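A structural walkthrough
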Amino acid sequence: MKHTLSVLVENNPGALSRIAGLFSGRGFNIESLCVAPTLDPSLSHLTLVTTGDDFIIEQIIKQLNRLIDVYKVVDVSEGEFVEREMALIKVKAEDETRAEVLRMCDIFRCKVVDVSPKTYTIEVTGPESKLKAVIELLRPIGIKEIARTGTIAMVREKKTL
Amino acid sequence: MARLTGKEMVVEALKREGVEVIFGFPGGAIIDVYDTLHKDGTIKHVLVRHEQGATHAADGYARATGKVGVCLVTSGPGATNTVTGIATAYMDSVPMVVFTGQVPTGLIGNDAFQEVDIVGITRPCTKHNYLVKDVKDLPRILKEAFYIARSGRPGPVLVDLPKDVQNQEAEFEYPEKIKLRSYNPVIKPHAKQIERAYRMIEQSKRPILYVGGGVVISGAHKELKELAELINAPVAMTLMGLGGFPGTHPQSLGMLGMHGTYAANMTMANTDLIIAVGARFDDRVTGKIDAFAPMAKVIHIDIDPTSIQKNVKVDIPIVGDCKIALRKLVDVAKKEGRPKDVWKERLAPWWEQIRAWQERHPLAYKYDENVIKPQFVIEKLYELTKGKAIITTEVGQNQMWTAQFYKFDEPRTLLTSGGLGTMGYGFPAAIGAQIAFPDKLVIDVAGDGSIQMNIQEMATAMEQKLPVKIVILNNQFLGMVRQWQELFYERRYAATEFHVVPDFVKLAEAYGAKGFRATKPSEVEDTLKKGLETEGLVIMEFAIAREEGVFPMVPAGKATTEMLLV
Ligand SMILES: Cc1cc2nc3c(=O)[nH]c(=O)nc-3n(C[C@H](O)[C@H](O)[C@H](O)COP(=O)(O)OP(=O)(O)OC[C@H]3O[C@@H](n4cnc5c(N)ncnc54)[C@H](O)[C@@H]3O)c2cc1C
Ligand SMILES: Cc1ncc(C[n+]2csc(CCOP(=O)(O)OP(=O)(O)O)c2C)c(N)n1
Ligand SMILES: [Mg+2]
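Everything numeric here is computed off the predicted structure, so don't read it as measured data. Throughout this document, residue positions are counted from 1 along each chain, in the order its sequence is written. Naming scheme: in the order in which they are written, chains are lettered from A and ligands are numbered from 1. Reporting in this predicted model follows two pLDDT cut-offs: at least 70 for local features of residues, and 80 or more for side-chain atom pairs to be given and counted; totals over whole chains, interfaces and linings ignore these cut-offs and use all residues. By convention in this description, side-chain values take in all heavy atoms of the structure and omit both hydrogens and water.

**Comments concerning the UniProt feature "domain: ACT" (unreviewed entry) in chain A**
- UniProt positions are given in the numbering used here, feature names are shortened, and annotations may be inferred rather than shown by experiment. Under the present numbering, the feature "domain: ACT" (unreviewed entry) in UniProt falls on residues 4–78 of chain A.
- A run of H or I in DSSP counts as a helix once it spans at least four residues, and a run of E counts as a strand once it spans at least two, with each numbered from the N terminus. Within the segment residues 4–78 of chain A, helix and strand shares are 32% and 37% respectively, and the terminal C-alpha atoms sit 8 Å apart.

**Overview of the side chain of Asp69(A)**
- Note that Asp69(A) resides in the loop between α2 (54–66) and β4 (70–75).
- A relative accessible area of 5% means that Asp69(A) is categorised as buried.
- Whether two residues are in contact is decided by their heavy atoms, any of which lying within 4.5 Å being enough. Apart from the residues within four sequence positions on either side, Asp69(A) is in contact with Leu8(A), Val9(A), Glu10(A), Asn12(A), Ala15(A), Arg18(A), His128(B) and Ser182(B). Note on exposure labels: buried denotes an accessible area under 20% of the residue type's maximum, exposed denotes more than 50%, and partly exposed covers the range between, all computed with a 1.4 Å probe on protein chains only.

**Quick look at the sheet that holds strand β2 (residues 21–25) of chain B**
Residues and elements named next belong to chain B.
- Here we have six strands laid out as an open sheet, ordered β3-β2-β4-β5-β7-β6, and parallel in their pairing. Pairing within the sheet leaves two strands with one partner each, and these edge strands are β3 (44–47) and β6 (128–131). Taking the axes of each pair of neighbouring strands and ignoring which way they run, one obtains an average angle of 20 degrees across the sheet.
- Strands are labelled as partners when DSSP assigns at least two bridges between them. Bridge analysis of β2 against strand β4 (residues 69–73) gives three bridges, and the strand direction is parallel. Paired with Phe23 across the bridge in β4 is Cys71.
- Each axis is a line fitted through C-alpha atoms, and for a helix only the stretch in contact is used; angles between axes span 0 to 180 degrees, taken between their N-to-C directions. Where helix α3 (residues 51–65) meets the sheet, its contacts fall on β2, β4 and β5 (96–102), and the angle it forms with β4 comes to roughly 165 degrees.

**Things to note about the interface of chain A and chain B**
- Contact residues are listed per partner, giving 19 residues for chain A and 18 residues for chain B.
- The term buried area refers to how much accessible surface (probe radius 1.4 Å) is lost by two components on association, counted for both of them together. Carbon and sulfur atoms supply 48% of the area buried between chain A and chain B, which totals about 1,700 Å² over both sides.
- One speaks of a salt bridge when a side-chain nitrogen belonging to Lys or Arg is within 4 Å of a carboxyl oxygen belonging to Asp or Glu. At the surface where chain A touches chain B, the tally comes to three salt bridges.
- Arg181(B) is the partner of Asp40(A) in a salt bridge, and the nearest nitrogen-oxygen pair spans 3.6 Å.
- Within 3.5 Å is the distance limit for a polar contact, defined as a pair of N or O atoms, with the added protein rule that one can donate a hydrogen and the other accept it, and that residues adjacent in sequence qualify only through two side-chain atoms. Linking chain A with chain B are 12 residue pairs in polar contact (both at pLDDT 80 or more), by the criterion used here.
- Counting residues per element, the ones that place at least two in the side of chain A that touches chain B are α1 (15–25), α2 and β4 of chain A.
- A per-element tally of the side of chain A that touches chain B places α2(A) first, with six residues.
- Of the residues belonging to the side of chain A that touches chain B, the class tally is six nonpolar, five polar and eight charged. Side-chain classes are defined by residue name, with Ala, Val, Leu, Ile, Met, Phe, Trp, Tyr, Cys and Pro counting as nonpolar, Asp, Glu, Lys and Arg as charged, and the others, Gly among them, as polar.

**Examining the site of ligand 2**
All names here are of chain B.
- Neighbouring ligand 2 are 17 residues, the closest being Gln397, Gly421, Gly449, Ser450 and Gly479.
- Within the side chain of Asn475, one N or O atom sits 3.0 Å away from an oxygen atom of ligand 2.
- A distance of 3.0 Å separates an oxygen atom of ligand 2 from a polar atom in the backbone of Phe477.
- Listing elements by their share of the shell around ligand 2, those giving two or more residues are α18 (397–405) and α21 (479–488). Residue proximity to a molecule or strand is established when one non-hydrogen atom of the residue lies within 4 Å of it.

**A closer look at the domain arrangement of chain A**
- On domain assignment, one finds that chain A holds domain 1 (2–79) and domain 2 (84–150).
- What fixes the domain bounds is an automatic or database domain assignment. Here the C-alpha centre of domain 2 of chain A lies 30 Å away from the C-alpha centre of domain 1 of chain A.

**Concerning the coordination of the magnesium ion (ligand 3)**
All names here are of chain B.
- In this listing, donors mean N, O and S atoms no farther than 2.8 Å from the metal, or 3.2 Å for Na, K and Ca; water is missing from the atoms, so a site can look incomplete. Taken together, the protein ligands of the magnesium ion (ligand 3) are Asp448 (OD), Asn475 (OD1) and Phe477 (O), with distances of 2.1 to 2.2 Å.
- Counting gaps between the donor residues of the magnesium ion (ligand 3) yields the pattern D-x26-N-x1-F. Of this pair, Asp448 sits in the loop between β17 (442–447) and α20 (458–463) while Phe477 is found in the loop between β18 (469–474) and α21, placing the two residues 29 residues apart along the sequence.

**Here we look at the environment of Val371(B)**
All names here are of chain B.
- By secondary structure assignment, the location of Val371 is in the loop between α16 (348–360) and α17 (374–385).
- C-alpha of Val371 to C-alpha of Val83: the two residues are 288 residues apart in sequence and 39 Å apart in space.
- Once residues within four sequence positions are removed from consideration, Val371 is found in contact with Pro521, Ile544 and Ala545.

**With respect to the site of ligand 1**
All names here are of chain B.
- Taken together, 35 residues form the shell around ligand 1, and within it Gly213, Thr238, Arg280, Asp302 and Ser307 come nearest.
- In the model, an oxygen atom of ligand 1 is placed 3.0 Å from a nitrogen or oxygen of the Leu239 main chain.
- Leu256 places a polar main-chain atom, nitrogen or oxygen, 2.8 Å from a nitrogen atom of ligand 1.
- Listed by contribution, the elements that provide at least two residues to the shell around ligand 1 are α10 (213–218), α13 (283–286) and α18.
- Looking at the shell around ligand 1, the element that brings in the most residues is α10, giving four residues.
- Along the lines of polarity and charge, the residues of the shell around ligand 1 split into 12 nonpolar, 16 polar and seven charged.

**Some thoughts on the pairing of strand β1 (residues 2–10) of chain A**
Residues and elements named next belong to chain A.
- Among the nine residues that make up β1, eight are buried, leaving the element largely enclosed by the rest of the structure.
- Pairing geometry for β1 and strand β3 (residues 43–51), over nine bridges, is antiparallel. The residue of β3 that forms the bridge with His3 is Thr50.
- As paired strands, β1 and β4 are joined by five bridges and run antiparallel to one another. Each residue of the ladder has a partner; that of Leu8, found in β4, is Lys72.

**Let's talk about the pattern of salt bridges**
Residues and elements named next belong to chain B.
- Counted according to the given criterion, the structure contains 48 salt bridges over all chains.
- For Glu490, the salt bridge goes to Arg492, with nearest N and O atoms at 2.8 Å.
- Its relative accessible area of 64% is what places Glu490 among the exposed residues.
- Glu497 is paired through a salt bridge with Arg546; the nearest N and O atoms lie 3.2 Å apart. Of this pair, Glu497 sits in the loop between α21 and α22 (504–510) while Arg546 sits in the segment after β20 (538–543), placing them 49 residues apart in sequence.
- Given the relative accessible area of 33%, Glu497 is considered partly exposed.
- Overlapping salt bridges, with partners in common, bring together Glu195, Arg199, Glu202 and Glu336 in one network.

**Side note on the side chain of Glu457(B)**
Residue and element names in this part refer to chain B.
- If you trace the backbone, Glu457 turns up in the loop between β17 and α20.
- The side chain of Glu457 is buried and forms no salt bridge, while Arg49, the nearest opposite charge, is found at 6.0 Å.
- Setting aside anything within four residues of it in sequence, one finds Glu457 in contact with Val48, Arg49, His50, Gly53, Phe427, Pro428 and Ile431. Charge assignment in this entry is limited to Lys and Arg as positive and Asp and Glu as negative, and neither His nor the chain termini are counted.

Written out as structure tokens, the structure reads:
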């Protein structure tokens with residue numbers, strides 16, 4: 001099962017490598033990892049997508065909490081939550097495909113953020129499933145490069161981290 | 001508020017933390033702290049001969065006393081030499097603070113002389129570690145280091161001190177108290193869980209107390225004994241739990257697991273309720289996990305949530321200090337007031353079964369009048385010391401024979417590397433224990449292989465005038481590995497036989513110590529007596545049956561009921 005964990009960690013040097021080391025050292029999966037500052041400059045917010053059965057997820061959460069630098073861990077995917085990821089995709093866009101790419105952008109509400117005679121660079125945002133769909137549809141046209149942010153997530157409604 | 005340099009802060013913090021002795025080895029990157037220690041002159045420093053020895057000595061000191069062990073070493077090779085000792089302490093939850101020198105902050109990352117990223121290297125084997133980049137942070141970091149090392153589930157903490165930071169000045173205000181928002185170990189167990197646990201115990205007809213190192217760490221031995229006697233449950237201990245419950249107590253089944261007693265493993269296999277106290281269901285204990293205690297419900301008391309439900313499913317988790325949890329359990333039991341006789345009667349059939357297992361296969365070995373059996377040496381050692389010594393062990397067969405044949409009645413009297421299984425641990429650990437207790441008898445039970453891994457510390461023991469006694473069970477083999485080869489690799493003794501072993505008696509003499517040797521069973525008792533009575537550092541070497549094995553043995557990956565017996 002896929003789980004999205006939201007982790008607040010002390011903004012100390014080495015904190016991220018403790019977390020990365022924990023996952024590699026104990027053989028846990030990381031599907032994506034996203035780190036950013038929070039409103040409180042002493043804390044960083046980390047969104048981590050991982051997989052495992054309940055037993056493993058329980059261990060992952062406990063092991064994260066055991067790290068001295070980790071302040072709080074929430075399994076966001078336990079309840080209602082929103083998740084978003086952004087990708088920049090550079091696609092081949094030559095005469096015959098230029099229109100098709102634009103049409104696709106329109107359908108998926110993507111933005112064209114850079115244009116060259118032979119390519120479009122488009123920005124797509126959404127849950128991972130949407131990114132996947134866009135990538136699959138663009139693939140036959142010819143994707144030259146992709147950059148993705150990794151998932152960020154938030155619990156719905158009043159619950160705040 | 002005073003202005004102090006980094007090096008002065010370190011020494012000042014050591015004093016405020018009540019540190020009486022540190023173990024270390026100097027070098028360029030830590031010379032300034034050494035200079036300050038020397039000028040101050042109030043803290044005893046034990047100069048070892050190898051930094052690994054310093055870490056094990058600090059560890060032995062910590063295990064024997066429950067206080068934080070402290071090490072001081074230089075950067076680069078000094079720091080890397082501590083890694084085995086730090087990992088050893090980490091696996092067995094030993095409180096320790098290790099200070100390492102580091103190249104000046106401006107040179108970090110430049111492959112400077114004797115630079116190594118020790119904080120990176122030790123991240124997975126410390127409870128926490130610090131690289132001090134600004135002297136202003138140092139007072140807080142020093143306070144945190146000691147607090148983290150000894151609180152909750154104890155463990156080693158490393159503080160890396162760049163040379164320039166040691167010499168910079170800042171205001172020194174040592175925090176009296178400390179509160180870390182991201183580190184709050186749960187000490188007090190949940191009252192509801194204790195109630196639920198009691199109900200489950202009340203219902204059980206075949207309970208077992210499974211006692212681990214946590215009982216020793218938290219000093220919960222009295223509470224444990226009270227509970228055990230009240231509910232009349234059998235008690236099995238892990239290697240780390242030995243001494244947490246008296247080995248001579250009629251309810252003790254001794255050690256369980258791979259080399260545990262037949263009765264302990266059978267009791268565990270047939271129990272309907274495991275009451276695990278400060279034990280972590282290690283694979284040496286569970287054997288094949290699917291076949292482990294198939295009928296059992298599990299109550300698990302542990303201060304570290306990660307230990308709970310890591311390897312087996314737990315019905316009632318109790319997070320907290322086991323001394324408090326056991327006290328509360330006893331209180332609940334007393335309040336409920338079920339009379340002792342009722343407990344006794346309820347468990348009578350269970351005890352009948354357990355006594356039958358004990359009689360069927362007690363711990364045993366075949367005595368031989370021509371060649372010394374190692375178990376006989378340990379039995380005699382137990383008799384002669386009346387079980388009152390602090391025993392450290394090396395790793396291998398010597399360690400297991402000690403665990404089986406020496407009865408530990410008191411906590412902190414067996415110091416042994418369980419989790420990492422570090423050969424070379426026992427002798428420096430004995431040095432640390434002897435420093436803590438100058439008047440107690442401290443004995444390292446060693447193998448001929450392991451003792452050579454930190455034999456250089458003989459000089460340290462002589463220099464400190466420590467009367468440590470070393471008992472070497474010499475089989476001229478890496479015996480434990482040889483045993484596996486005998487049993488599972490068709491006796492192909494690949495790289496386990498020593499063709500050259502030093503003359504340990506002469507070796508003792510070379511260091512200015514005394515050495516004795518026994519080669520026949522008839523000499524065992526006299527040699528032990530002579531050795532134990534001789535003042536100062538002594539090696540007693542016993543030429544033992546070379547291919548003696550440790551039994552019972554649960555082959556790795558097998559169910560614990562599938563024991564190979566004598
Ligand atoms: C050659 C060899 C053979 C071995 N054979 C065996 C064997 O046959 N049988 C055996 O048992 N072991 C054996 N071992 C040791 C084994 O590898 C483990 O080290 C040992 O089983 C672990 O013991 P433990 O479960 O008591 O855990 P420990 O490592 O002692 O852990 C202590 C537990 O207590 C918890 N704790 C700490 N403080 C507190 C507190 N205040 N309150 C509550 N909980 C606390 C910790 O969180 C942890 O979970 C062997 C080792 C070697 C090297
Ligand atoms: C540092 C280290 N290296 C290797 C091992 C693997 N090992 C475990 S027991 C053992 C044999 C120990 O030999 P010895 O000290 O003579 O003890 P014996 O088993 O013969 O009593 C070895 C090599 C270990 N535990 N530690
Ligand atoms: Mg040997």
